[in-house]
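Each chain, letter by letter, is given below.
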Amino acid sequence: MQPIEFYRDEFINYLEKKVQTKEPHNLYEPIDYILGLGGKRLRPVLALLTTELFEGDYKNALDAALAIEVFHNFSLVHDDIMDDAPLRRGKATVHEKWDINTGILSGDAMLINSYQYFEGYSDATFKELVQLFSKTAIEVCEGQQYDVDFETRDDVTIPEYLKMIEYKTAVLVAAAMKMGAIIAGGSKENQNLVYEFGRNLGIAFQLQDDYLDAFGDPETFGKQVGGDIIENKKTFLYLKALELSSAAERETLLHLYSIAPSDPTEKIEAIKTVFEQSGSVNMTKKEIEGYTQRAFECLKQLNLPEERKEILKFFGENLMQRTV
């Protein structure tokens, strides 16, 4: 096993070699742009790391890791259009830098490219990977639709919200890890356990992202802090605040989520105050910790030497302490 930074560097080198701008430039330059914005490379790193966890060669997983990363970034391009988001990783979003039509078409090309990266695998492995990938891709779309539907619903429940983030975010993390296990020839039991590890860690990751969206440092977070509040997104913080608030706080929160001021600064601060005073912030942190611990329980059950599991535990612990 190598340090996490090794897998990240190897993946970035491979991405830069494989993804290059070609004609027509207006189709491929936005792809090169979004993939070049950086990010944590969480999913591809996990695919490579998991391959070696099960004693495979990480190089055999580079194409699968690339498929996952390209698909993930395709979903970000289209999500940013739906959300009318101005920033992604601290830079202009694709539709802001070019236009909406370019964002749609370049995103479509990325989706098709992501499937092409599986073509070099043997027939049996190809079938397993593509079946998992297709299942995951449609779940991501379902998660995004739930997210859109929630914008116009006033009766969203916490279980519904958790299902939405599981589909929109966590299943792709889980699939990346299971792909590594498939490529390495891991047992079905280990494949499923590592999938559950990734799914629970992915939910914790998204809850942490929700928290950072409201309370993160704008210098390090890379996105517009308070973006979810501006868009009146019904995050775990919001839903838990409604559940825990006094009648007066609840009324304030519902009112603030019904308005869209031209300068949202005061709205953001007022809502953050309700989140803190209601106890929602502390409950969100507990939920993050709970899903992280569920992931670690799956890790304990993996049929692997303890020392091989340590890198995943280290990865999970560091992920939950992030500020970006």
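Anything mentioned here points back to the structure above.
Summarised in this report is the structure supplied together with it. Since we're looking at a predicted model, the values are computed, not measured.

## A short note on the overall build of the chain
- In terms of helices and strands, the chain carries 16 helices and 2 strands.
- Expected size for 324 residues packed as a compact globule is a radius of gyration near 20 Å; at 20 Å, the chain falls within 12% of this value.
- Counting only C-alpha atoms, the chain reaches 60 × 50 × 30 Å along its principal axes.
- Across the 324 residues of the chain, 56% fall into the buried class.
- As displayed, the chain offers around 14,800 Å² of accessible surface, 49% of which is attributable to carbon and sulfur atoms.
- Distance between charge centres in the chain, computed from 35 positive and 54 negative side chains, equals 3 Å.

## Things to note about the pattern of salt bridges
- Per the counting criterion, the structure on display carries 19 salt bridges.
- Put simply, Arg153 and Glu160 hold a salt bridge, and the shortest N to O gap is 2.8 Å.
- Arg199 is paired through a salt bridge with Glu166; the nearest N and O atoms lie 3.5 Å apart. Placement of Arg199 in helix α9 (residues 188-215) and of Glu166 in helix α8 (residues 158-184) is noted, with a sequence separation of 33 residues between them.
- Where salt bridges share partners, they join Asp79, Asp83, Asp147, Glu151, Lys168, Glu231 and Lys233 into one cluster.

## Regarding the packing of α8 against α9
- At a closest axis distance of 7 Å, the pairing of α8 and α9 adopts a crossing angle of 140°. Taken together, the axes of α8 and α9 lie oblique to each other. Considering only the axes of α8 and α9, their crossing is right-handed.
- Residue classes in the contact of α8 with α9 are distributed as 17 nonpolar, 6 polar and 4 charged.

## Structural notes on the packing of aromatic side chains
- Throughout the structure, instances matching the rule amount to 11 aromatic pairs.
- Ring plane angle 80° and centroid distance 5.6 Å describe the contact between Phe6 and Tyr7, whose orientation is recorded as edge-to-face.
- Owing to a relative accessible area of 0%, Tyr7 belongs among the buried residues under this scheme.
- Summarising the aromatic geometry, the rings of Tyr238 and Tyr257 are spaced 4.0 Å apart at their centres and angled 25° between planes, so their arrangement reads as stacked. With Tyr238 in helix α12 (residues 236-244) and Tyr257 in the loop between α13 (247-256) and α14 (265-278), this residue pair connects regions lying 19 residues apart in the sequence. Accessibility assignment for this pair places Tyr238 and Tyr257 in one class, buried.
- The cationic tip of Lys178 hangs over the ring face of Tyr195; the distance from NZ or CZ to the ring centre is 5.8 Å.

## Remarks on α14
- Its 14 residues place the ends of α14 20 Å apart at the C-alpha level, agreeing with the 20 Å of an ideal helix rising 1.5 Å per residue.
- Among the residues of α14, Lys267, Ile268, Ile271, Lys272, Val274, Phe275 and Ser278 are the ones counted as buried. Looking straight down α14, one finds that the buried residues subtend no more than 155° of arc, so they occupy a single side. Counted as exposed and oriented over 90 degrees from the buried face of α14: Glu266 and Gln277.
- Gly279 lies just past α14 and shows a positive phi near 95°.

## Some details on the side chain of Thr50
- Within the secondary structure layout, Thr50 lies in helix α3 (residues 42-53).
- The class for Thr50 is buried, based on a relative accessible area of 0%.
- Among all residues touching Thr50, those that are not within four sequence positions of it are Met177, Gly180, Ala181 and Val194.

## Comments concerning unusual backbone geometry
- The residue after Glu23, namely Pro24, is reached through a cis peptide bond having omega -10°.
- Relative to the elements of secondary structure, Pro24 occurs in the loop between α1 (4-18) and α2 (25-35).
- The backbone of Arg89 sits at a positive phi, close to 55°, despite the residue not being glycine.
- By secondary structure assignment, the location of Arg89 is in the loop between β1 (87-88) and β2 (91-92).
- On the accessibility criterion, Arg89 (22% relative accessible area) is partly exposed.
- Positive phi values are uncommon outside glycine, yet Asn232 reaches one of about 55°.
- Along the polypeptide, Asn232 turns up in the loop between α11 (227-230) and α12.

Quick notes on the rules
Residues numbered from 1 in each chain as written. Predicted model: local features only at pLDDT ≥ 70, side-chain atom pairs only at ≥ 80, totals over all residues. Heavy atoms only, no water. Helix = DSSP H or I, 4+ residues; strand = E, 2+ residues; numbered from the N terminus. Rg over C-alpha atoms; globule rule 2.2 N^0.38 Å. Buried < 20%, exposed > 50% of the residue type's maximum accessible area, 1.4 Å probe, protein only. Areas by Shrake-Rupley, 256 points an atom, 1.4 Å probe, with all protein chains shown as cover. Lys, Arg positive; Asp, Glu negative; His and termini not counted. Charge placed at Lys NZ, Arg CZ, Asp CG, Glu CD. Salt bridge = Lys/Arg side-chain N within 4 Å of Asp/Glu carboxyl O. Axes fitted to C-alpha atoms, helices over the stretch in contact; angles between N-to-C directions. Parallel < 35°, antiparallel > 145°, perpendicular 65-115°, else oblique. Left-handed = near helix turned anticlockwise from the far one by under 90°. Nonpolar A, V, L, I, M, F, W, Y, C, P; charged D, E, K, R; others polar. Phe/Tyr/Trp six-rings, centres within 6.5 Å; stacked < 30°, edge-to-face > 60°. Lys NZ or Arg CZ within 6 Å of the ring centre and 35° of its normal. Expected span 1.5 Å × (residues − 1). Arc of directions from axis to C-beta. Contact = heavy atoms within 4.5 Å.

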